[in-house]
Amino acid sequence: RKRRQSAKVKTDPSGTVTATPPSDWERVYELVKTARASLPAPVDTMGCEQSADRTMSARDQRFQTLVSLMLSSQTKDAVTFAAIQTLQRELPGGLSLESVLHADEQVLNGHIGKVGFHNTKAKSIKKAAVILREQFDGDIPDSIEGLTSLPGVGPKMAYLTMSAAWGRDEGIGVDVHVHRITNLWGWHKTKTPEETRLALQAWLPKDKWHEINWLLVGFGQVLCLPVGRKCGECVLAERGLCPSAVGVRRVKKEAKIE
């Protein structure tokens with residue numbers, strides 16, 4: 001089998017950037033997509049895109065999506081989703097900019113108590129609500145610059161918010177799963193999620209920018225785990241398409257598995 005080649009990005013003297021995708025990336029991507037169809041993951045039903053109350057206004061739904069992402073950092077989807085449900089149920093009128101503005105910070109903190117770093121997040125959400133009221137006419141920003149100006153909102157959250165709340169894919173939301181898995185595949189050698197985002201955006205077709213986060217987060221939640229990867233159950237390992245697979249007897253001839 002020909003050795004896997006990582007993505008290559010070059011900038012010529014005029015500043016023009018050209019990128020060559022990793023070899024076999026389309027095959028890897030489609031196999032994972034097919035596998036995910038029969039691998040339910042927490043992100044499928046409890047991710048940020050499922051958190052908004054569809055009976056409320058579009059503006060409220062955008063705010064709920066933002067809050068969900070602010071709570072999600074270093075917290076499992078099930079815990080984040082439960083916290084959003086509690087806020088929807090306990091805050092007068094449901095989770096909205098107005099209900100957060102009127103809620104005492106300690107009350108808000110109590111409702112999200114099982115979320116990681118809940119004290120800091122409660123403060124950030126309260127501060128963000130004030131900023132939204134005073135600087136953004138009561139709605140969430142519709143730009144990456146505006147979103148990252150809010151306390152507790154980094155690039156990953158901003159790009160995911162733009163995609164989930166505004167329907168605009170201006171960048172890839174790269175979390176630890178996307179960063180870790182694409183490096184395991186040998187697509188690139190990056191040290192941070194932000195480096196991974198830039199590397200992927202250089203060559204990955206834009207019509208996949210929205211999907212790849214959901215795809216790889218779920219893959220990382222149920223199969224390619226941070227600890228104890230299930231390589232023995234992974235089609236990529238079986239077919240010799242993952243250079244980081246361990247303890248797997250690989251299929252030697254593609255004809256046997258087509």
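All values derive from a computational prediction rather than experimental measurement. Sequence positions are assigned chain by chain, starting from 1 and proceeding in written order. Reporting of local features is limited, given that this is a predicted model, to residues whose pLDDT is at least 70; pairs of side-chain atoms are given and counted only at 80 or more, and all residues count toward the totals for whole chains, interfaces and linings. Excluding hydrogens and water, the side-chain values take into account all heavy atoms of the structure.

Secondary structure elements are taken from DSSP: a helix is a run of H or I of four residues or more, a strand is a run of E of two residues or more, and numbering for both begins at the N terminus. The residue Ser51 is located in the loop between helix 2 (42-46) and helix 3 (58-72) in this model. Relative accessibility decides the category of a residue: with a 1.4 Å probe and only protein chains considered, values under 20% of the type maximum give buried, values over 50% give exposed, and everything between is partly exposed. Residue Ser51 is classed as buried on the basis of its relative accessible area, which comes to 2%. At a separation of 2.8 Å, a polar atom in the side chain of Ser51 contacts the main-chain carbonyl oxygen of Cys48. Residues in contact with Ser51, not counting those within four places in the same chain, are Gln64, Thr65, Ser68, Phe81, Ile84 and Gln88. By the criterion applied in these results, polar contacts are pairs of N or O atoms within 3.5 Å in which, for protein atoms, one can donate a hydrogen and the other can accept it, and in which residues neighboring in sequence qualify only through two side-chain atoms. Pairs of residues are marked as contacts when any of their non-hydrogen atoms sit within 4.5 Å.

With that settled, consider the domain arrangement of the protein. Interfaces are often sized by the amount of accessible area the parts lose when they come together. Domains assigned within the protein are domain 1 (8-38 + 171-239) and domain 2 (44-166). Distance from the C-alpha centre of domain 1 to the C-alpha centre of domain 2: 27 Å. With 12 residues of domain 1 in contact, the opposing surface of domain 2 contributes eight residues. Put simply, buried area is how much 1.4 Å-probe accessible surface two parts lose in total, over both of them, once they are put together. Buried surface at the junction of domain 1 and domain 2, both sides included, amounts to about 810 Å², of which 48% is carbon and sulfur. By definition here, a salt bridge exists when the distance from a side-chain nitrogen of Lys or Arg to a carboxyl oxygen of Asp or Glu is within 4 Å. The interface formed by domain 1 and domain 2 holds one salt bridge in total. The shortest N-O distance in the salt bridge between Asp44 and Arg36 comes to 2.6 Å. Summed over the shared surface of domain 1 and domain 2, the number is six residue pairs in polar contact (both at pLDDT 80 or more). If you tally residues by element for the side of domain 1 that touches domain 2, the top one is helix 12 (residues 211-222), at three residues. In this classification, the charged set is Asp, Glu, Lys and Arg, the nonpolar set is Ala, Val, Leu, Ile, Met, Phe, Trp, Tyr, Cys and Pro, and all remaining amino acids, among them Gly, are polar. A per-class count over the side of domain 1 that touches domain 2 returns three nonpolar, five polar and four charged. In this entry, domain limits derive from an automatic or database-based domain assignment.

The interhelical angle for the contact between helix 3 and helix 7 (residues 118-135), taken along N-to-C directions, is 150°, at an axis separation of 10 Å. Relative to helix 7, the element helix 3 lies roughly antiparallel. Crossing angle aside, the handedness with which helix 3 passes helix 7 is right-handed. For the pair formed by helix 3 and helix 7, the contact residues are Phe63, Leu66, Val67, Met70, Leu71 and Ser72 on the first element and Lys121, Ser124, Ile125, Ala128 and Leu132 on the second. Of the residues assigned to the contact of helix 3 with helix 7, the class counts are eight nonpolar, two polar and one charged. Axes, fitted as lines to C-alpha atoms, cover a helix only where it is in contact. Angles between the N-to-C directions of the axes lie from 0 to 180 degrees. Should an angle fall under 35 degrees it is called roughly parallel, over 145 degrees roughly antiparallel, and 65 to 115 degrees roughly perpendicular, with every other angle called oblique. When the near helix sits turned anticlockwise from the far one by under a right angle, the crossing is termed left-handed; a clockwise turn instead gives a right-handed crossing.

This brings us to the pattern of salt bridges. According to the stated counting rule, one finds 11 salt bridges in the structure shown. Among the salt bridges present, the one from Arg59 reaches Glu98, with a minimum N-O distance of 2.7 Å. Taken together, the residues span a long stretch of sequence, with Arg59 in helix 3 and Glu98 in helix 5 (residues 97-102) at a distance of 39 residues. Classification of Arg59 by relative accessible area gives partly exposed; the value is 26%. Judged by relative accessible area, Glu98 falls into the partly exposed class, the value being 33%. Of the charged contacts in the structure, one is a salt bridge between Glu194 and Arg197, with a shortest N-O distance of 2.4 Å. Placement of both Glu194 and Arg197 in helix 11 (residues 193-201) is noted, with a separation of three residues, approximately one turn of the helix. By relative accessible area, which is 31% here, Glu194 ends up partly exposed. A cluster of three or more residues bridged by salt bridges with shared partners is formed by Arg59, Asp60 and Glu98.

With that out of the way, let us pick up unusual backbone geometry. A positive phi angle, close to 70°, is found at Asp24, a residue other than glycine. A relative accessible area of 37% means that Asp24 is categorised as partly exposed. One non-glycine residue, Gln74, adopts positive backbone phi at about 55°. If you trace the backbone, Gln74 turns up in the loop between helix 3 and helix 4 (77-90). Here Gln74 falls in the exposed class, since its relative accessible area comes to 67%.

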